[in-house]
Amino acid sequence: MKYRILKDFIIKNKAIYLIGFFFILLASFVQTLFPKVLGNIIDILGKENFSKTAVYTRIGYLLLIAAATFIFTFIWRNLIIGAARKLECTLRETLYSHLQILSQDFFSKRKTGDLIAYGINDVLAIRMAFGPATAMSVNGIVICASSIYLMLTSINFKLTLMTLAPIPIVIFCMLFIGRQIQFRFHRVQELFGEISDRVQENINGIRVIKAYVQEEPEIKKFNTLCDNMMDANIDMVKTSSKLTPIIEACFSVSFVLNLILGGRMVLNGTISLGDFIAFNTYVTMIMAPIVSIGRIVNNIQRGLVSLQRLQEILNTPPDIVDQENAIKERIDGNIEFKNLTFYYPGMKKPALEGINLKIENGKTIGIVGKTGSGKTTLANLLLKLYNTGSGQLFLDNQDINDYSIDAVRNSFSFVPQDTFLFSTSIKENIASFKNIYTDDEIEEATKFSSIYESITGFTDGFDTILGERGVNLSGGQKQRISIARAIIRNPSVLILDDSLSAVDTITEKNILDSFKQQRRGKTTLIISHRVSAVSGSDEIIVLHGGKIKESGTHEELINKEGLYYEIYTEQSKAEE
Amino acid sequence: MKFIPNKAKQKNKQGEHRKTSSFKELIKISLPYKNKFLLAIACVILINTSVLLKPIIVKLVIDDFLVGKKAQSGFYSITAMGIAYLLVSLTVSLLSYTQANLVNSAGQKIIKNLRRRVFSTIQFLPLSYLDKTSSGRLITRATNDISEISDMYTDIVINLFKDIVLLVGIVYTMLSINVQLSLISFTVIPFMALLVVFIKNKIRENFFTLKHIIGKINGSMAENISGMKVIQIFRAEKEKEQEFKELNHDYYKSTIIQIRLNSILRPASDVFQNIAIAILIWFGMGKISDHSLQIGVLYAFTTYVKQFFNPISDLSEKYNSIQSALVSTERIFNLLKQKDITEDVETGLPLQKIEKDIEFKNVWFSYNDKDWVLKDVSFKVSRGQSAAFVGETGAGKTTIISLITGFYKIQKGEILIDGININDIKLKDLRKNISVVLQDVFLFSGDIKSNITLGDPIDDKTISEAIKNSCFDTVISDFQKGIDESVMERGSTFSAGQRQLLSFARAIAHDPDIFILDEATANIDTHTENLIQQALENTTKNRITLVIAHRLSTIKNCDKIVVMRYGEIVEMGNHQELLDREGYYANLVRDSSCFDKVS
């Protein structure tokens, strides 16, 4: 279960992996034959009157080894590294698909930047570990094993042991110093992050900094960071620059041991000159994989950490799931809250408490209250963004938990408080990326929300791209597009969550009027902190501290002289 | 048609010219550390000598002792040579350690100074420049661009030199040992170099594509995660997933090209080395049989040919990194050149307090020297008075405030503060005496207290009074840690209203002579606003207060209401006077198109 996603992928692609690893073995082994052949040629050349054909054959071998190494390496790299890339893309897609089914509660606890990091950095780290790092370690192990084997058996046992004596020291130093480097590297990364944060915050807040003449203190703070960064960097290089000289010194010892001892053996006839040269070449050959041990270990460790992180996200179950036999039909628009109490996960105070409210199909309901009174929570529950306890919220006399997510969300439409539009065309935004609406329907929806003229005023009309790369709309224009997006779905229930705040008063009135016409016979919920937006509703609910304080029509509530009346007078007093 | 090639050429030339000038700048900032760099270069030369020495020693050992069977005595022996080589290589190890640290410490110091220069230049850039420049770009200057140069110093500069010295050294040593064999070996090298450079260029092109797509993936994830609520509510999951998959697939396709290219390049070095060695043996074979060539020489050459590959491969990579570092350098120095236009906040007449008044005298102002945003604006506000600016969006209200804080210079007329021309006043003193509360409040990460003081030495009593006067105490009581409650990046855990109250507290704590509210109450509910109104009456008593608001309630109590339209003042007076006048203001109030009707 722990790394299931990885296991599944490997099993699915086992043929690629098997063939790939087979070719790694072949390629590595063929490479180690080279010094042997070279030594052989030298031995032949060393003899007086050597046979040229024998040399030609060996030259042929060398070329064959070259060709084989090339072909085998080409094949395994394409297979193994290619599979790692495929793994990367699969993981990213799996992550994205999983994010889409996770609930709002999950997103409210995490920063967008962190979640993106999973999809980019972690996935890359996993690729590095299971692609290049794994392949290189197999390659390195085979080269070392096969070189040492050939050195031991076909050249000289004693010489091999003596010459390779410094290698364990190399490995020890690498792992030991490697850890120190990693530690210091983290510090550098951390500081770089701090510098980035500082710069970002500073530049975004530069107007405040200027207005309060904080330039000097800001520079001072930044300079300290720069100093730390410099120190950390110098500190890191002090450690990391030890590594290569130590390794090279160790290999120099190997080389010199081989030179002196091997030379003696050649002179007293224990080994041939060719063996000596082959030996020398082997020592250089095993240097490369040994030097890269540190990097490989590091890559694999990072990959495993990332895999674990990713797995955690993938193992997070969505809070809201369809029950078996969930109802799939659209609802008509009868809503009933029965003594509903709701706590946001991890909160001690309920966001809504003892809500009893019956909304009959076709009614327009106004919900007023201060910030934090629970207005938006009502909408969140109706949209099934959070789970409601069973027996507390009924749609068409059926518990909301019995409905599928699809059924609920397709019956509802929502215009959120803070408008979110995607940076694609206006058309795609209104159609929610679906191509089920005709152009006429889209135009109709925009006329309804009084944005049609603005859109046709753009050069590209409905194909105008929004956002950074395109046109920047004003807050009011965005809200009106958001309304068009909600209305085009012709929902059974429409919820407006303070959705007209950025629209000027005349337009607001126009939109509210057309709502009255278009929504006749359909349920509409208008959430607002302004009395004016809800005063025309069939019933008004006044929320306070998560409870319904009052309900009734505008006149009833005014006559009651309660909280609604208080808000009303306060607001109309401000108007005078 | 004819002009196009010319133009392209010119552009290219300009590019080259700019690169040389960036290069010169780099040299300039490195000059103070020239001794370190020279020492490092000396180290590099010595280090390379050892690399070149190794094949020669092997050659000597093989030819003189192992094949030639010459008598060994004293220093002329395998053991002595081995030990000598060991000593050399141990020294070289020390040298390469020294070299790396020399270059790094010099590089880091250069980078530190550069980073500081960039940051402090940004601090004093005038708003007229900042308005035109995206903040993302400025952030990149101080972070990524600097890193790019930093990498160049620590990684590229010294290795570049190492590679060049090594290549020259190999060629020289080979030629001095055997000219004929050298020429034979060199026949392979151009092919090797061509292939490496060709493939590396292709890889680079592909790398840009990859980077571009990964940027898109990044953007798509960012947008979809931020808009997940909308995606889920509107059931656009399938469509969005399809879009993401397509993007991801494009990425996969590009990576496959990358893998192909690398799969050719990586084993290529082995192939070329083997071919070179085969050619050497084939050619040397005859010479060895007639004793005109020694085996040791042949072996030394095989080693040199192998040593050729790495520096060539490195150089082609480094060339590209240097190119991008030069681009970063150019960008950074373009920014540093803005030094001429940076604000000088230190010179000018000192201004301890604003005692009397602020006056606009026939002020004309334009952001772009074309369209007048303010036309002949004149008004005067004295200490103890409050003035409100009213008008539709774009009437010039906010501009007036930016001018008072000295963010822009006017083209015609005069702005007088206590009778002194604003241009003559020390900017630092001017701004110290003004506090602005904006609609869009910026909070810094830290805690509530640091956001109120902003690093100025303000005592706790003043802070707590400011908190009380701004009604921020109603908010603070909700926090466990009171004013030590931490503030996240951009104040994301605070509501818009809470942020605005904090910004009020910040302004009041700085005890300004001029108090400016720019749409400052837009996000505060009516109840809290009433509280603030009362508090303001106390705090603004002995100050000059300037207000821009959409709420009638905020405006109507002001001593003076300045009604603006298209950059001009159309009416001025108090609420009642203006209503009686039945002019533009009275109209505005009546159909309230520029006032929020209720809130």
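Bear in mind that the values here come from a model prediction, so they are computed numbers and not experimental data.

Participant: How should the sheet that holds strand 3 (residues 364-368) of chain A be read in this particular structure?
Facilitator: Paired through their backbone hydrogen bonds, the strands of a sheet run either parallel or antiparallel. Residue and element names in this part refer to chain A. Reading across the sheet, the six strands line up as 6-7-8-3-9-10 and stay open at both edges, with mixed pairing between neighbours. Both edges of this open sheet fall to strand 6 (412-415) and strand 10 (547-552), since each of them pairs with a single strand only. Strand-to-strand, the axes of this sheet are offset by a mean angle of 15°, without reference to chain direction. Across the sheet, helix 12 (residues 375-382) lies against strand 3, strand 6, strand 7 (493-497), strand 8 (523-528) and strand 9 (539-544), angled at about 145° from strand 8, the strand it touches most. On top of the sheet, helix 17 (residues 475-487) reaches strand 6 and strand 7; it is set at about 180° to strand 6, its chief contact.

Participant: What exactly am I supposed to notice about unusual backbone geometry here?
Facilitator: Negative phi characterises most residues that are not glycine, and trans characterises most peptide bonds. Residues and elements named next belong to chain B. Of note in the backbone geometry, leucine 454 takes a positive phi value of approximately 50° without being a glycine. Residue leucine 454 is classed as buried on the basis of its relative accessible area of 12%. At glutamate 582, a residue that is not glycine, the phi angle is positive and equals roughly 60°. Secondary-structure assignment places glutamate 582 in the loop between helix 18 (575-581) and helix 19 (584-591). Owing to a relative accessible area of 55%, glutamate 582 belongs among the exposed residues under this scheme.

Participant: What's the story with the UniProt feature "domain: ABC transmembrane type-1" (unreviewed entry) in chain A in this structure? I'm lost.
Facilitator: With numbering aligned to this structure, UniProt lists the feature "domain: ABC transmembrane type-1" (unreviewed entry) at residues 18-302 of chain A. What you have in residues 18-302 of chain A is 92% helix and 0% strand, and the ends, taken at the C-alpha atoms, are 24 Å apart.

Participant: What should I look at first to understand a nonpolar patch on the surface in this one?
Facilitator: Taken together, the side chains of B:Phe23, B:Ile27 and B:Leu31 present a nonpolar region at the surface, about 280 Å² in accessible area. Along the chain, the position of B:Ile27 falls in helix 1 (residues 3-30).

Participant: Would you explain the packing of aromatic side chains in this entry?
Facilitator: Aromatic ring pairs are reported here in terms of the distance separating the ring centres and the angle at which the planes meet. This structure, assessed with the given rule, holds 27 aromatic pairs over all chains. For the pair A:Phe448 and A:Phe515, a centre-to-centre distance of 5.1 Å together with 65° between the ring planes defines the contact as edge-to-face. Of this pair, A:Phe448 sits in helix 15 (residues 439-448) while A:Phe515 sits in helix 18 (residues 505-518), placing them 67 residues apart in sequence. Classification of A:Phe448 as buried rests on a relative accessible area of 12%. Of the residues examined, A:Phe515 reaches a relative accessible area of 5% and is grouped as buried. Here the aromatic rings of B:Phe37 and B:Tyr153 are separated by 6.2 Å at their centres, their planes lie at 35°, and the arrangement is tilted. Here B:Tyr153 lies in helix 5 (residues 135-177) and B:Phe37 lies in helix 2 (residues 34-67), a separation of 116 residues in the sequence. Judged on exposure class, the residue B:Phe37 and its partner B:Tyr153 are both buried. Aromatic rings pair up to connect A:Phe22, A:Phe23 and A:Phe72 into one cluster. Note that A:Arg485 overlies the ring of B:Phe234, its terminal NZ or CZ placed 5.0 Å from the centroid. One residue, B:Lys54, lies across the ring of A:Phe255, its end atom 4.7 Å from the ring centre.

Conventions adopted
Residues numbered from 1 in each chain as written. Chains lettered and ligands numbered in written order. Predicted model: local features only at pLDDT ≥ 70, side-chain atom pairs only at ≥ 80, totals over all residues. Heavy atoms only, no water. Pairing = 2+ DSSP bridges. Helix = DSSP H or I, 4+ residues; strand = E, 2+ residues; numbered from the N terminus. Axes fitted to C-alpha atoms, helices over the stretch in contact; angles between N-to-C directions. Contact = heavy atoms within 4.5 Å. Buried < 20%, exposed > 50% of the residue type's maximum accessible area, 1.4 Å probe, protein only. UniProt positions renumbered as here; feature names shortened; annotations may be inferred. Patch = residues over 30% accessible without salt bridge, like charges linked within 9 Å, V, L, I, M, F, W, Y side chains within 5 Å. Areas by Shrake-Rupley, 256 points an atom, 1.4 Å probe, with all protein chains shown as cover. Salt bridge = Lys/Arg side-chain N within 4 Å of Asp/Glu carboxyl O. Phe/Tyr/Trp six-rings, centres within 6.5 Å; stacked < 30°, edge-to-face > 60°. Lys NZ or Arg CZ within 6 Å of the ring centre and 35° of its normal.

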